[in-house]
Amino acid sequence: MATPVERFQELLRIPTVSHADESDTDWEAFDRFHAALERLYPLTHARLEREVVDGHSLLFRWPGAGEGHPLVLMAHLDVVPVVEAEWEHPPFAATIVGEGTDAAIHARGAIDDKGALVAILEAVEASLAEGVTPAHDVYLAFGHNEETAGGGARAIVEALRSRGVRPHLVLDEGGAVVEGVIPGVHVPTAMIGVAERGVMTLLLTVREQGGHASTPPATPATARLARAIDRLHRHPFPRRIAPPVRAMLQTLAPHASQPLRAILQRLSVTAPVVAAVLSHGGPEMNAIVRTTAVATQLAGAPGENVLATTARAAINIRLLHGDTVETATERARRVIADDEVELEVRHGSDPSPISPWRGDGWRRLSGAVVATLGDDVVPTPYLQLGASDSRWFTSISDNVYRFTPFRLSRAERDALHSHNERIRVDVWLRGIGFYRALIASS
Ligand SMILES: [Zn+2]
């Protein structure tokens, strides 16, 4: 009889890597993953309705005792690629390293997001074994391409919408239980994302005649493009304390040491100063107080001795509440101030709606945090910086939250999408308790 940790290891060993170009994805690995789930979680597969959506996403429905008020637990099956040489332990071996409370499973997906996915299944399977029937329907929504196109989660939302399902509470991956995120606040905080920033790509293009690199014009396309990027970089978007960030600071204020506490308790006056200080507190703090823009891709001439006929840059922009795809594009146009630079919006989505940090959904989440992750943990609303699959759910639910029930150190969070991703065994096991408590609450 396998243990929860052994089941987790087995699932981490199946390389469900998704690629931006889906023809590179090994779908056979996803089929094997589905089959392993069926074998490892027999009660879940016997008692819940299961359907495959959009090729490889999974949607389960666990019928509840009563009508309405469904709970949706989200996670994704796919993981990002690895550069194997950078890893201390092979990324798909799920080796346990260390002992006691330090013992950690090293694997791609250990946190993002098989950590959550397998913990959810363990919680459901254990609850079923004890004869639990949830008060209301529980859906498990597992997308297969969160890290790339996100089409799986979108298709799941469409399926639910067509059946008239309006989730009462949706929980996806997001903030963890962390310490020391805000300097001067020394309690562990459960960062529950109530909103996420919008995301867009702005394509900048400069065209010119071309010709030989031995006789360049005064301002070649590449130089014009570089100037535009530099102008964007030197004129960052204005700082602002958006509502979810304000709520976070107000929640943490009583736990801050003086004089920070007094400053955070008078945000109506101190907000501009607080925003300025945060913006100098590293990339994460900067990103919670402003829309950020960064050039991610550059393209010029095909050869090193020819002039570029087109020079192109992709600018990845993350929109803080208060900005939209339209206002950010207009601002970029103003800052670049050059009619020769063409702007084109690709993949734009505005900031998400903001879920409430009071009411029944919030009470259930924060109750489960305190009951299972430690009564010293302070649940706080938080603005998620990256985009997640949960944004599709905001069209059918007002209560969409982003939280991963694991206590993670700075180093552990830095390993996400990087090498040496790992999770401590104790931390992961506690996460199962969190999902069980959430299922039991209503
Ligand atoms: Zn993820």
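Residues numbered from 1 in each chain as written. Predicted model: local features only at pLDDT ≥ 70, side-chain atom pairs only at ≥ 80, totals over all residues. Heavy atoms only, no water.

Student: Break down the side chain of E173 for me, with residues and values.
Tutor: Residue placement: E173 occurs in strand 7 (residues 169–178). Despite its burial, E173 pairs with no opposite charge, the nearest such side chain being R391 at 8.7 Å. In terms of polar contacts, E173 uses its side chain to reach the side chain of H76, at 3.0 Å. The contacts of E173, once residues within four sequence positions are left out, are M74, H76, D112, D113, E146, Q384, R402, F403 and T404. (Helix = DSSP H or I, 4+ residues; strand = E, 2+ residues; numbered from the N terminus. Buried < 20%, exposed > 50% of the residue type's maximum accessible area, 1.4 Å probe, protein only. Lys, Arg positive; Asp, Glu negative; His and termini not counted. Salt bridge = Lys/Arg side-chain N within 4 Å of Asp/Glu carboxyl O. Polar contact = N/O pair within 3.5 Å; in protein donor to acceptor, adjacent residues only side chain to side chain. Contact = heavy atoms within 4.5 Å.)

Student: So, helix 7 (residues 243–252): which residues are in play, and what are the values?
Tutor: Among the residues making up helix 7, those that are buried are P244, V245, A247, M248, L249 and L252. Where helix 7 is buried, its residues meet strand 8 (189–196), helix 8 (260–264), helix 9 (267–279), helix 10 (283–288) and strand 13 (378–384).

Student: Describe the nonpolar core, listing the residues and the values that go with them.
Tutor: Counting residues in hydrophobic clusters, the biggest one holds 93 residues, and the most contacted among them are L73, L140, F142, L249 and F434. The greatest single-element share of this core, amounting to nine residues, is contributed by helix 4 (residues 114–129). Here L140 is in contact with L48, L58, L59, F60, L73, I120, L121 and V124, once residues within four sequence places are set aside. L204, A221, L319 and A332 belong to the second largest nonpolar core, which has 22 residues in total. (Core = buried A, V, L, I, M, F, W, Y, C linked by side-chain atoms within 4.5 Å.)

Student: So what about the packing of helix 4 against helix 14 (residues 425–440)? Which residues, and what values?
Tutor: Direction vectors running N to C along helix 4 and helix 14 enclose 55 degrees, while the axes themselves pass 8 Å from each other. Classified by the interaxial angle, the pair formed by helix 4 and helix 14 is oblique. In terms of crossing hand, the pair formed by helix 4 and helix 14 is right-handed. In contact with G115, A116, V118, A119, I120, E122, A123, V124, A126 and S127 of helix 4, helix 14 contributes W428, G431, I432, Y435, R436 and I439. Residue composition of the contact of helix 4 with helix 14, by class: 11 nonpolar, three polar and two charged. (Axes fitted to C-alpha atoms, helices over the stretch in contact; angles between N-to-C directions. Parallel < 35°, antiparallel > 145°, perpendicular 65-115°, else oblique. Left-handed = near helix turned anticlockwise from the far one by under 90°. Nonpolar A, V, L, I, M, F, W, Y, C, P; charged D, E, K, R; others polar.)

Student: Help me get a handle on helix 9, residues and values and all.
Tutor: For an α-helix, 3.6 residues make a turn, and residues three or four places apart therefore share a direction. Over its 13 residues, helix 9 extends only 16 Å from the first C-alpha to the last, a length that falls short of the 18 Å expected when each residue adds 1.5 Å. The sharpest bend along helix 9 comes to roughly 35 degrees, located at V273. Taken together, the buried positions of helix 9 are L267, T270, A271, V274, A275, L278 and S279. For helix 9, the elements touching its buried residues are helix 7, helix 8 and helix 10. (Expected span 1.5 Å × (residues − 1). Bend = angle between axes of the 7 residues up to and from the residue.)

Student: Go over the pattern of salt bridges, please, and point to the residues and values.
Tutor: Within the structure shown, the criterion is met by 25 salt bridges. Ionic pairing is found between R240 and D323, a salt bridge with its closest N-O pair at 3.4 Å. With R240 in the loop between helix 6 (221–234) and helix 7 and D323 in the loop between strand 11 (310–319) and helix 11 (325–336), the pair connects residues that are 83 residues apart, well separated along the chain. Residues R413 and E284 are paired through a salt bridge, measuring 3.6 Å at the closest nitrogen-oxygen approach. Within this pair, whereas R413 is found in helix 13 (residues 410–414), its partner E284 is found in helix 10, the two being separated by 129 residues in sequence. Overall, R413 belongs to the buried group, its relative accessible area being 17%. Residue E284 is classed as partly exposed on the basis of its relative accessible area of 30%. Three or more residues joined by partner-sharing salt bridges are found here, namely E284, R410, R413 and D414.

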